[in-house]
Amino acid sequence: MSQTESYLAHKGFKSWALTMDHKRIGVMYLVTTHLFFLIGGFLALLLRLKLLSPGPALFSAHTYDVLFTMHGAMMIFLFIIPAIPSSLGNFFIPLLIGARDVAFPKLNLFSYYLFVSGILVILISLVQPIDTGWTFYTPFSAENSAAVTTVSFGLFLVGMSSILTGLNFIVTIHTLRAPGMTWYRLPLFIWGMYGTSVIQVLSTPVIGITFLLLVAERLFGVGFFDPAKGGDPLLFQHFFWFYSHPVVYVMILPAMGIISEVIPCFARKPIFGYKAIAYSALAIAFISFLVWGHHMFVSGMSTTAGVIFSFLTFFVAVPTGMKIFNWIATLYKGSISLDSPMLWALTFIFLFIIGGLTGLFLGSLATDVHVHDTYFLVAHFHYTMMGGTVMGLFSGLHYWYPKITGRMLDERWAKHAWWMIVVGFNVTFFPMFILGMQGMPRRYAEYPAKYHSLNVLATVGSWLLAVGIVIMFANFIRSLNRGAIAPANPWEALTLEWQVPSPPPEENFEVIPTVTDWPYSYGKETGDTRGK
Amino acid sequence: MPDLTALQGTEASLASHDVDAVFIFILVIAAFFFVLTQGLLIYFAVRYRRKKGEPPAKTPYITGKQWLEVVWIVLPSLLLVGIFAYGVIIFVKMRTPIPGATDVQVTASQFQWSFKYPDGRTYSNELHLAVGKPVKLIMTSRDVIHGLFIPDYRQKQDVLPGRYTYLWLLPKRIGTFDIYCSQYCGTGHSLMRATLTVMGQNDYLAWEQSEKQKQQSAGASPKAKGKALFDSSGCGGCHSIDGSAKVGPTLKGVFGSTVTLADGKQVKADEEYLRESITEPNEQVVKGFQPIMPTFKSTLKDDDIAAIIAYIKTLK
Ligand SMILES: [Cu+2]
Ligand SMILES: [Cu+2]
């Protein structure tokens, strides 16, 4: 085949199903994960619809429990954890470091099929849908009559896929960097993905084994978590959060990586404090393993343990806060274009600041006692996970859409969607901070009437949010055929993926480039182009 | 000092005021950083904005400023240490035993709270306290993990099976307050609510006196014993006695009635049906309900079950 033929040139089911091209695998992950984003979002709309009324309405409490479990589990395990690493990471890590593919292309395809088989197993469980919450706390999950065993096995497969992908990325970043691509010339997205991969490889085995223990508990009544047999129900929570806190950073680090690419490009300024941002990704990856107990301050864990975990939690806030200052400083004296990728990046910063600052109340022991397990917590993690990660993802999607598809998005529709989503998001989730301060517990199918009006407000917000998301996805789909043909480098960015055609040829680079400079030389006297 | 009671509910216990003080402390710091960062973000985005289609202006090549980076690492770190320390001080205070506290045994079960006083009186979903009198809640669960949460007290503690956890309360205000279950525990989780009634000290003594008398005059009749067991076993968490719908079928008028089961069969609710429903609850599930009731085979003795049935018979 010709050297310049696009990676999309071959058609037909087999050319996708058996592909070992990291770009095609990335696209397959992109479609799969976003499908679950839409389904999970739809379930959230149903939940909000029920909460329009404080009493019994629409469907039973049991159905409500099933729906919030599905919403949480899908959004976390099938969307937000794999969304950026497996899709955009797969597509762009080799392109950004000047490689032809990931280190192990076959393993990469195998990981995708592991992911899909995990999903299929989870879908089988819908025969007896689980109502344990995505946190699977024992003994409730151990004694539950629903298909917890099936789901655990499905998530085990999804976790395997995640470990293999992480491993693949680590080896790729170590061994396949183009000549001259030193560690300090790596785009920050790569640093973010590196930190992410380390966490995935180290923490996912723990949740895998925890799910196996849960299965053993259910099938053979072993009693790891059963006090009647000398087990400890809190042990499960320790295992669970030992994975699930670091995983919060699997979700956020790649998004921070995207922001660190988009902000300099659209402000035409070098990233402020490159090394600080790069090392903070590693620092966060490391400290994130030591803070899991902040989910358990009121669980019955000792006071001393609470004090230690609270301290370490504030410790991890330092590198996170520092990044915010770095991004804002990058804007200073820039020449800022507010194209859609930049709008989403700025929205990320705006919402993530709120998410981060409200985290202070949850990290402080005294105030956590009051707001823990209330809607305050729900609001906080939606501000960090949706306001953070998902906005970062949206930024990345708008930024890289021309590269992936070879078409430009409709900028006007992108901005309509942006308005709707930003307003809808805040109307939905901000009232939840107040609901939580007023004491409304989470996972409530019915609630006291005094919480009614703020719940109505949140539900109305969810409709705006939904309309915005629909507009955005309509734009994604419509532009596939009707968008303007994208040039190789529409944003005049300096990273390597923009130096090849859009969409990239199958082997990425005709000749592997030699790198002579870092990718943030915007505004440098010697000229605004790569390699002087 | 600003007051958070409009947002968080009344400061009804010793802990409430302390927790709100920490809350306000963090709020002030958070507000400062919120205004600083969002202000700069929006100001820069507007001030240095380039019009659509315009070529980028010349921008300065600034890659970092070490002193600035040191400032924004050190200053927030110091404030974080402050927040951490203040939180610890109040948390430790909340968990320090209050001398002279009365013990109240709390048993959580799906989906009901039972409160037992030192003299054996047990109440379902009702906790009565005297203002100014400290109480130690000694809590355990019969089944899964629950969480006892009193928003007006800013107090919360998970309740676990197989061990005790504690809460120390010092009521400061007369009134009634909500008690919620804060840890998701199943279908009836959101209805697992109880009421905390705080009375003046004299009113409390009078209430206690009359309750004790009531208990004595009820004596040891099976019906009274059945009612006590009904409350302490948590039956009322799922089964109403007034005909209203809960997670399980109401028990009002159930004795002698004809019940339609999930498989469409119709059975007469006699003594044997009620006994089996207590010992093997998921054998005959009433139509329209989930098979979620735990068995009481090992917790209730034969004459306990007989007493409960005697009590159910009176629910006409
Ligand atoms: Cu965490
Ligand atoms: Cu409960």
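Residues numbered from 1 in each chain as written. Chains lettered and ligands numbered in written order. Predicted model: local features only at pLDDT ≥ 70, side-chain atom pairs only at ≥ 80, totals over all residues. Heavy atoms only, no water.

Q: Any chance you could explain the overall build of chain B here in plain terms?
A: For chain B, the count of helices and strands is 7 helices and 12 strands. Here the C-alpha atoms of chain B give a radius of gyration of 28 Å, more than 25% beyond the 20 Å that 2.2 N^0.38 yields for 316 residues. Considered along the principal axes of its C-alpha atoms, chain B spans approximately 90 × 55 × 30 Å. Where the 35 positive side-chain charges of chain B centre and where its 28 negative ones centre are 8 Å apart. (Helix = DSSP H or I, 4+ residues; strand = E, 2+ residues; numbered from the N terminus. Rg over C-alpha atoms; globule rule 2.2 N^0.38 Å. Lys, Arg positive; Asp, Glu negative; His and termini not counted. Charge placed at Lys NZ, Arg CZ, Asp CG, Glu CD.)

Q: Would you mind showing me how to read the overall build of chain A here?
A: Regarding its fold elements, chain A presents 15 helices and 0 strands. The C-alpha atoms of chain A give a radius of gyration of 23 Å, which matches the 24 Å a tight globule of 532 residues would have. Taken along the three principal axes of its C-alpha coordinates, chain A extends 70 × 45 × 45 Å. Looking at chain A as a whole, 68% of its 532 residues qualify as buried. A sequence separation of at least 24 residues applies to 82% of the contacts in chain A between residues at least 6 apart. Carbon together with sulfur atoms contributes 73% to the accessible area of chain A, which is approximately 16,700 Å² in total. The distance from the centre of the 29 positive side-chain charges to the centre of the 24 negative ones in chain A is 5 Å. (Buried < 20%, exposed > 50% of the residue type's maximum accessible area, 1.4 Å probe, protein only. Contact = heavy atoms within 4.5 Å. Areas by Shrake-Rupley, 256 points an atom, 1.4 Å probe, with all protein chains shown as cover.)

Q: What's the story with a nonpolar patch on the surface in this structure? I'm lost.
A: Residues and elements named next belong to chain A. A surface patch of nonpolar side chains, amounting to about 470 Å² of accessible area, comprises Leu219, Phe220, Val222, Phe224 and Leu235. Secondary-structure assignment places Leu235 in helix H8 (residues 233-267). Residue class for Leu235 comes out partly exposed when judged on its relative accessible area of 31%. (Patch = residues over 30% accessible without salt bridge, like charges linked within 9 Å, V, L, I, M, F, W, Y side chains within 5 Å. Salt bridge = Lys/Arg side-chain N within 4 Å of Asp/Glu carboxyl O.)

Q: Mind showing me how you'd approach the interface of chain B and chain A here?
A: How large an interface is tends to be reported as the accessible area lost when its parts come together. Each partner contributes to the interface: chain B provides 80 residues, whereas chain A provides 96 residues. With both sides pooled, the region where chain B packs onto chain A buries about 7,500 Å², and carbon together with sulfur makes up 68% of that total. Summed over the three residues of chain B that lose the most area to chain A, namely B:Tyr61, B:Trp72 and B:Tyr184, the buried surface amounts to 10% of that side. The interface formed by chain B and chain A contains 1 salt bridge. In this structure, A:Lys450 and B:Asp178 form a salt bridge, with 2.9 Å as the shortest nitrogen-oxygen distance. Residue assignment for the side of chain B that touches chain A shows that the elements contributing at least two residues are helix H1 (5-8), helix H2 (14-47), helix H3 (66-94), strand S7 (155-159) and strand S9 (175-181) of chain B. Among the elements that take part in the side of chain B that touches chain A, H2(B) stands out by supplying 16 residues, more than any other. Considering only residue class, the side of chain B that touches chain A consists of 46 nonpolar, 20 polar and 14 charged. (Buried area = accessible area lost by both parts, 1.4 Å probe. Nonpolar A, V, L, I, M, F, W, Y, C, P; charged D, E, K, R; others polar.)

Q: What exactly am I supposed to notice about the coordination of the copper ion (ligand 2) here?
A: Geometrically, a metal with four donors at the corners of a regular tetrahedron has ideal angles of 109.5 degrees, and one with six donors at the corners of a regular octahedron has ideal angles of 90 or 180 degrees. All names here are of chain B. Protein ligation of the copper ion (ligand 2) involves His146 (ND1), Cys181 (SG), Cys185 (SG) and Met192 (SD), the donor distances falling in the range 2.1 to 2.5 Å. For the copper ion (ligand 2), the 4 donor atoms in the first shell make angles of 90 to 122° at the metal, a pattern classed as tetrahedral. Every donor residue of the copper ion (ligand 2) comes from the same chain, spaced as H-x34-C-x3-C-x6-M. A residue pair is termed long-range when its members are at least 10 positions apart, and His146 in strand S6 (residues 146-150) and Met192 in the loop between S9 and strand S10 (194-199) qualify at 46 residues. (Donors = N, O, S within 2.8 Å, 3.2 Å for Na, K, Ca; no water. Tetrahedral: all angles 85-135°; square planar, octahedral: opposite > 155°, others 65-115°.)

Q: Just to check I follow, could you spell out helix H5 (residues 222-232) of chain B for this structure?
A: The α-helix winds at 3.6 residues per turn, so residues separated by three or four positions along the chain end up facing the same way. Residues and elements named next belong to chain B. Turning to H5, its buried residues are Gly226, Leu229, Phe230 and Asp231. Residues of H5 that are buried make contact with strand S2 (112-116), strand S3 (122-124) and helix H7 (302-313). Note on H5: the residue one or two positions beyond its end, Gly234, has a positive phi of about 85°.

Q: What is the right way to read the sheet that holds S9(B) from this model?
A: Sheet strands associate in pairs through backbone hydrogen bonding, adopting either a parallel or an antiparallel arrangement. Residue and element names in this part refer to chain B. As summarised here, the arrangement of the 5 strands in space is S4-S10-S9-S6-S7, forming an open sheet in which the pairing is mixed. Two strands close off the open sheet at either side, each with one partner strand: strand S4 (126-130) and S7. Taking the axes of each pair of neighbouring strands and ignoring which way they run, one obtains an average angle of 20° across the sheet. Across 5 bridges, S6 lies against S7 in antiparallel orientation. If you follow Gly147 over to S7, its bridge partner there is Asp158. (Pairing = 2+ DSSP bridges. Axes fitted to C-alpha atoms, helices over the stretch in contact; angles between N-to-C directions.)

Q: Mind showing me how you'd approach the nonpolar core here?
A: A general trend in soluble globular proteins is that nonpolar side chains are found buried together. In this structure, B:Trp113 and B:Leu148 are the most contacted members of the largest nonpolar core, which totals 258 residues. Sort the elements by how many residues they give to this core and helix H3 (residues 61-97) of chain A lands first, with 24 residues. For this core, the domains that each give at least three residues are domain 1 (16-47 + 65-95) and domain 2 (102-217) of chain B. Formed by 22 residues, the second largest nonpolar core is a distinct cluster that contains B:Cys235, B:Leu251, B:Ile278 and B:Ile305. (Core = buried A, V, L, I, M, F, W, Y, C linked by side-chain atoms within 4.5 Å. Domains from an automatic or database assignment.)

Q: Got a minute to help me understand the coordination of the copper ion (ligand 1) in this structure?
A: Residue and element names in this part refer to chain A. Coordination of the copper ion (ligand 1) by the protein involves His245 (ND1), His294 (NE2) and His295 (NE2), with metal-donor separations of 1.7 to 2.0 Å. Of note, the copper ion (ligand 1) draws all its donor residues from one chain, in the sequence arrangement H-x48-H-H. In this structure, His294 and His295 share a single accessibility class: buried.

Q: Looking at this structure, I do not really get the confidence of the model for chain B. What am I missing?
A: When pLDDT drops low, the exact placement of atoms in the prediction is not to be read closely. When the pLDDT values of chain B are averaged, the result is 87; 96% of them are 70 or greater. Of all helices and strands in chain B, the one with the weakest mean pLDDT is H1(B) (67), whereas S6(B) scores best (96). (pLDDT = per-residue confidence, 0-100.)

Q: For this particular structure, what's the right way to read the pairing of S2(B)?
A: Working note: regular strand, side chains alternate between the two faces of the sheet. All names here are of chain B. The buried fraction of S2 amounts to 4 of the 5 residues, a majority that puts the element mostly inside the structure. Relative to S2, strand S1 (residues 102-109) runs antiparallel, the two sharing 5 bridges. The residue bridging Thr107 from the neighbouring strand is Ser114, located in S2. What sits between the antiparallel neighbours S1 and S2 is a turn of 2 residues. Count of turn residues in the S2/S3 antiparallel hairpin: 5 residues, of which Gly120 carries a positive phi of about 95°.

Q: What's the story with the packing of aromatic side chains in this structure? I'm lost.
A: Enumeration according to the criterion identifies 68 aromatic pairs over all chains in this entry. With a centroid separation of 5.6 Å and an interplanar angle of 70°, the aromatic rings of A:Tyr112 and A:Tyr113 are classed as edge-to-face. Plain terms: the ring middles of A:Tyr332 and B:Phe44 are 5.6 Å apart, the flat faces sit at 55° to each other, and that makes the pair tilted. Taken as a pair, A:Tyr332 in the loop between helix H10 (303-331) and helix H11 (340-363) and B:Phe44 in helix H2 lie in two separate chains rather than in one. (Phe/Tyr/Trp six-rings, centres within 6.5 Å; stacked < 30°, edge-to-face > 60°.)

Q: Before we go on, may I ask you to explain the state of the cysteines in this structure?
A: Any covalent bond linking the sulfur atoms of two cysteines counts as a disulfide. Using the criterion set out here, one finds 0 disulfides over all chains in the structure. B:Cys238 takes part in no disulfide bond, and the closest cysteine sulfur to it belongs to B:Cys235, at a distance of 9.0 Å. (Disulfide = S-S within 2.5 Å.)

Q: Can you help me understand the packing of H3(A) against H8(A) in this one?
A: Packed helices, taken two at a time, are described by the angle between their axes plus the distance between the axes. Residue and element names in this part refer to chain A. In the contact formed by H3 and H8, the axes pass within 10 Å of each other and the chain directions differ by 40°. Taken together, the axes of H3 and H8 lie oblique to each other. The two elements H3 and H8 cross, and the hand of that crossing is left-handed. Two secondary-structure elements touch here, H3 through Ile76, Phe77, Ile80, Ile81, Ile84, Pro85 and Leu88 and H8 through Tyr243, Val247, Val250, Met251, Pro254, Ala255 and Ile258. Looking at the contact of H3 with H8 residue by residue, the classes come out as 14 nonpolar, no polar and no charged. (Parallel < 35°, antiparallel > 145°, perpendicular 65-115°, else oblique. Left-handed = near helix turned anticlockwise from the far one by under 90°.)

Q: Explanation requested: the sheet that holds strand S8 (residues 165-169) of chain B in the structure shown.
A: All names here are of chain B. In space, the 5 strands of this open sheet follow the order S3-S2-S1-S5-S8, with mixed pairing throughout. Whereas interior strands pair on both sides, the edge strands pair on one side only; in this sheet they are S3 and S8. Neighbour to neighbour, the strand axes of the sheet diverge by 25° on average, direction disregarded. Examined bridge by bridge, S1 and strand S5 (residues 135-141) share 7 bridges and lie parallel to one another. If you follow Thr102 over to S5, its bridge partner there is Val135.

Q: In this structure, what is going on with the confidence of the model for chain A? I would like to understand it.
A: The predicted model of chain A averages 92 in pLDDT, with 98% of residues at 70 or higher. Throughout residues 526-532 of chain A the model reports pLDDT below 50, and contacts reaching past four residues in sequence, or to other chains, amount to 17 contacts.

Q: Hey, could you run me through helix H6 (residues 271-279) of chain B in this one?
A: Listing the buried residues of H6(B) in full gives B:Tyr273, B:Leu274, B:Ser277, B:Ile278 and B:Thr279. As for H6(B), its buried residues are in contact with strand S11 (258-260), strand S12 (266-268) and H7 of chain B.

Q: Can you walk me through the side chain of A:Asn90 in this structure?
A: Residue position: A:Asn90 is located in helix H3. With residues up to four places along the chain from it excluded, the contact list for A:Asn90 reads A:His22, A:Ile25, A:Gly26, A:Tyr29, A:Pro85, A:Val102, A:Asn108 and A:Phe169.

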